Each structure stands twice: as C-alpha cells, then as structure tokens.
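# Structure assessment
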Amino acid sequence: MGGQFFRHFSFFSATLSFFLLVGIFAILFTYAQEALAEFGIDFLSADTWEADEDDEGGVFGGYIPIIGTLLSTFIAMVIAVPLAMGIAIFLTEVASENLAKPVSIAIELLAAIPSIIYGMWGLFYFAPIVQSIFGGNGVGLLTAGIVLAIMIIPFMAAITRDAMNTTPNILKESAYAMGATKFEVIKDVIMPYSKAGIIGSIILALGRALGETMAVAFLIGSVMSTVKHITDPTTSIPVLLANNFAEAQDLEMSAMYYLALILFVVSFIIISMAKFYFLGRKSAVK
Amino acid sequence: MNRLVLNKIILTLSTLSALIGITFLFWILATLTYKGIMSISWAIFVNDLVNGGIRNLLAGQFVMAILASFIAVPVGMMAGIYLREYGHGSKLASIIRNLSDVMMSAPSIVIGVFVYALLVDPFGSYNGYAGIVALAIMMIPIIISTTDNMLSLVPTELREAGMALGGSKHKIIVQIVIKAAKVGILTGILLSFARIIGETAPLLFTSANNQFFTMDLSGQFPSLTVSIYNLATYPDEASRELAWAAAFILTIIVLCINLVGRFLIRNKK
C-alpha cells in the first residue's frame, strides 16, 4: 500500500534527526577516547599543544582554544546585544511601516551573507581599522569579536523583532492611553511581554557565535598562544579544527575530536536551553 | 519633562543602531562589488582554478549543493509531514521537533568532523560524497522546520473536506495539504539552498578542494568556498583578486536566491 509506505518513510525521516544527534555524539566520543584516556578532564586547563617529533604522541591541552572561543564570543555578545535590541526596537516601534519593511529586508539579507564573506571583508577592510585604533597587528581577539558581532546582529535582531511583534496592540494602546512615552511602553509593556523570546534569541545567537568558523578563522590570528592583551592573536576551537584537523595524526587527531566533542556538547546545551525557554513560555501564553 | 528627554534619547539610539546595521550591509556590499568588478573577467568563467579561473569551482559547488538537496529535500519534507500530519500533538513529535531545531544550530565545523570520521577516514581520501552528506546534514533540519511551519498554516477545514470526500490520509496529504503549502515549502527550500551553497566549514575536510574540473565524486571535489578561503590567505595579488571575484559571485548567487524566495512568498500574499 502506498499509504503505508508513505507513512513509514515519513516516520523514518523524522527519527533521523535523533539518530544524527546520537550518531555525532557517539562518533566524536569514540574518536576522542584516546585523548580522553590520556588527558582526562585536565585537558580543559592545560595550555600546551605540542606534538612529538615522530608525530605519534605529544602533550595536548585545550585551554587556549577554549578560552579563545569564550572570549571572542563574549566580545561579540557585548557589542551585538545592545545593537540588536536597538534595531529590533527601531523596526517594531520607531520606523513607519514604509521604512521598516526595506530595513527589515536589508537586515535579513545581511543575515544571509555567507560567513566566509564576513571573514574576508574583515581581514582586508576591518582589521586595518581596528589596528589603527587599538594597536596590535590587525588580526586578533578583538577584530574577531567585532566581526563576529556584526555577523550575529542581524540574526539576533530578526528573532527579537519577531518576539516583540507578538505583543498585543491592545496592551500597548492601554499604556499609551495612560500617557506613557514610547520608551516606557517598550520598557514596561513590550520587554516584559516578549522577555522569553528576547532571551531565547540572545542565547541562540550565543550558540551561533560559539560555533562560528569562517568569519573567525580569517581574523583571530590562528596561533596557539594565550592572550595577554585584547588585540593579541590567539585561536578558537572551530578555527583550530578548520586549520589543523586534517593534518593531525593519532593522539593529536584524537585531541581534536575531544575539542569538537566539547564544542558540540556545549552548543547542544546552550541551544536546548534557548529552545526550552522559548517553549516553556509559549505554552504558558496560549 | 525628564522622561520625554529619556524617550528621545532611547529612540535616537535605536534609530542609530539600525543605521549602523544598514551601514555595514552597504559597506560590505560596496567593497565586495568594487573589488569584485575590478577583478572579474570573462576568462575566470572559462578557466579552471589551475589556470586562474573558477569554472570548476562553480560547477563543483553547485553539483554538491544540488545533490545534497536531492537527499535533504525529500527526507526533510517527509519528516516535516510526519511532525505535522501523523505525529501531531504527540510527545514523540515534539521531542523530534526540538532535536531538529538543535541540529539546525549545531556548529557546521563539528558536522564536518563527524562526516570526516564517517566517510573520509575509512576510505583514506577526501571525496565529493562526504561533502554532499555534510551539506545534506546541514540542510535537513532547515527543511523540516519550514515544512512543519508551512503545513501548520494549512487550515484544518481543508483536511476535513478531504476526509469528507473519503480520501485516505496519504491522499489528503499529497493532493491537498502539500498543494496548499507548496509556495511556502518552495521558499524554504530556496532559502536553505542559499544557506548551504555558501557553506565552507563542513567542506574543508570532507570534499576538500580540487584545482581541476571533475565530476568524479569519489575523489577530492572542487569547491568555491574552500577556494576562497585558500586564495584569500595566499600572499600574491593574483590569488587575492580571484578570491574577491569568487566572493562577489558567491554573494550575488546567495542574495539572488534569497530575493527570489522572498518574492515568491510575497506574491502569494
């Protein structure tokens, strides 16, 4: 029966996401086994990354790329959150409909540009500007953080705008009728109403920034050294993987899988948090 | 009076942030267009990378993205159909919906590592199939989510009308529900295609890259994005110019597909 087949195929397709997630975790965990056994949890705080000359063993610690990932994401979030909020407020409350539409489309197009373009543009056009203002040699943590911010702003702004748009007009109108200013309506009506969605969008953008590879790869400097100054070059987990994964051997390879596993688990937790926050609120509203 | 001033300040700041956002869009597009037009020539479309062109890279990137769509579109659509039509309201469907959303945001480089372990390591060489699978894994969750959303917009009355005529569940889905949601799903497919055609990270160590024109998926496969990454970091001016030209073309492709998608959905309304 066609109907039966159709039904089974659709069920099988649906469960595929589950098997993919489990499969990714299982594969990364298996291949990371060697490094897990050798370094254990100390891997997180060890800052040496050196292969032996025969390429078979070595000492590998994930501290530098882990810190690099966290710091570049932190810088990006500090810049992106206020700007994205501002854009969302502009789109929902400030701009007239005739203005909001094209700006909305522009912001969404900005979100569609591939990350490698941001990286390349950042390397040739933005890094020199950062260098002339903050010193350093152009590429480094700060440049990576700023370009990462530019990249996640449109994404964050679009979701925040959608969340803010769910505020019923009648609530806003009641506040206006009481003599509230626009800012007071935003602060006391829209923000509390769409709080869950806004926080969700921030966490989703955070997850995206953590795992971003190409934009950061051009800009962070890709060197295994700890940062002492904000403009210093360093590396992040995705960038280390992008540049060195394919050439690594044995234990170093396993250490790379270990890093990939850490990144995967951390982003899994962050994204699930955002989703459950969203969903918890959504069902409460309905 | 104070609160009126505060109001003005905040609204000005918000307008300013929108201006900053737009400025960056135009800045990026302007530099891309300028550098792109300066370095673009007819020769790059008829030569392969080995001769300083991008013909093989464009072909390779499109072949991988299209073949990935051949896997991702049916699987993603069927999964979306399950979530909305068969499993609607069930615990299982809601778990799968959440997991699929999580997959959608999984770091693309990790997917590259996963596919490397699965399809490159055991065979001992980079290959086009691995690149296709990596892209398909990125695409499936997006298709699931758009299908799911678009089917949810189809009024229940349509399904009921189908049932009243004695249609079987699968007939109703294929002949009524999917037809009603056609435009939305097509837009979702276009947008997700635009997303994966610009992906670099999942291809770095799956398909890797190839300087020559090839349609042999069992070996290293040419990729436009991976080439941009390599070319942009070479010190010589010719490579950089080619990288700009490639980046310009890639951006035009991605933005055009996006605009077509948006136009489709707008026309429907």
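So, how was this worked out
- Residues numbered from 1 in each chain as written.
- Chains lettered and ligands numbered in written order.
- Predicted model: local features only at pLDDT ≥ 70, side-chain atom pairs only at ≥ 80, totals over all residues.
- Heavy atoms only, no water.
- Phe/Tyr/Trp six-rings, centres within 6.5 Å; stacked < 30°, edge-to-face > 60°.
- Helix = DSSP H or I, 4+ residues; strand = E, 2+ residues; numbered from the N terminus.
- Buried < 20%, exposed > 50% of the residue type's maximum accessible area, 1.4 Å probe, protein only.
- Salt bridge = Lys/Arg side-chain N within 4 Å of Asp/Glu carboxyl O.
- Contact = heavy atoms within 4.5 Å.
- Buried area = accessible area lost by both parts, 1.4 Å probe.
- Patch = residues over 30% accessible without salt bridge, like charges linked within 9 Å, V, L, I, M, F, W, Y side chains within 5 Å.
- Areas by Shrake-Rupley, 256 points an atom, 1.4 Å probe, with all protein chains shown as cover.

## Section: the packing of aromatic side chains
For the structure on display, the rule yields 25 aromatic pairs over all chains. When the centroid spacing of 6.3 Å and the interplanar angle of 85° are considered together, the rings of F39(A) and F60(A) count as edge-to-face. Highlighted residues: F39(A) in helix α1 (residues 2-39) and F60(A) in strand β2 (residues 58-60), separated in sequence by 21 residues. A relative accessible area of 16% means that F39(A) is categorised as buried. Given a relative accessible area of 1%, F60(A) falls into the buried group. Pairing F245(A) with F205(B) gives two aromatic rings, centres 4.6 Å apart and planes at 45°, and the pair type is tilted.

## Some words on the pattern of salt bridges
This model, assessed by the stated rule, comprises 12 salt bridges over all chains. We note a salt bridge from K187(A) to D188(A), for which the minimum N-O separation is 3.6 Å. D188(A) gets classed as partly exposed once you look at its relative accessible area, which sits at 47%. Each of E108(A), R161(A), D162(A) and R262(B) takes part in one network of salt bridges that share partners.

## Notes on the interface of chain A and chain B
Taken together, the contact pairs 77 residues of chain A with 77 residues of chain B. Carbon and sulfur atoms supply 81% of the area buried between chain A and chain B, which totals about 7,000 Å² over both sides. Between the two partners, chain A and chain B, sit 3 salt bridges. For R3(B), the salt bridge goes to E184(A), with nearest N and O atoms at 2.7 Å.

## A look at a nonpolar patch on the surface
Residue and element names in this part refer to chain B. Together, V5, I9, L13, L16, L19 and I20 give the surface a local cluster of nonpolar side chains, amounting to about 510 Å² of exposed area. Tracing the sequence through the fold places L16 in helix α1 (residues 2-39). Taking relative accessible area as the criterion, L16 reaches 44% and is therefore assigned partly exposed.

That is the geometry; function is a separate question.
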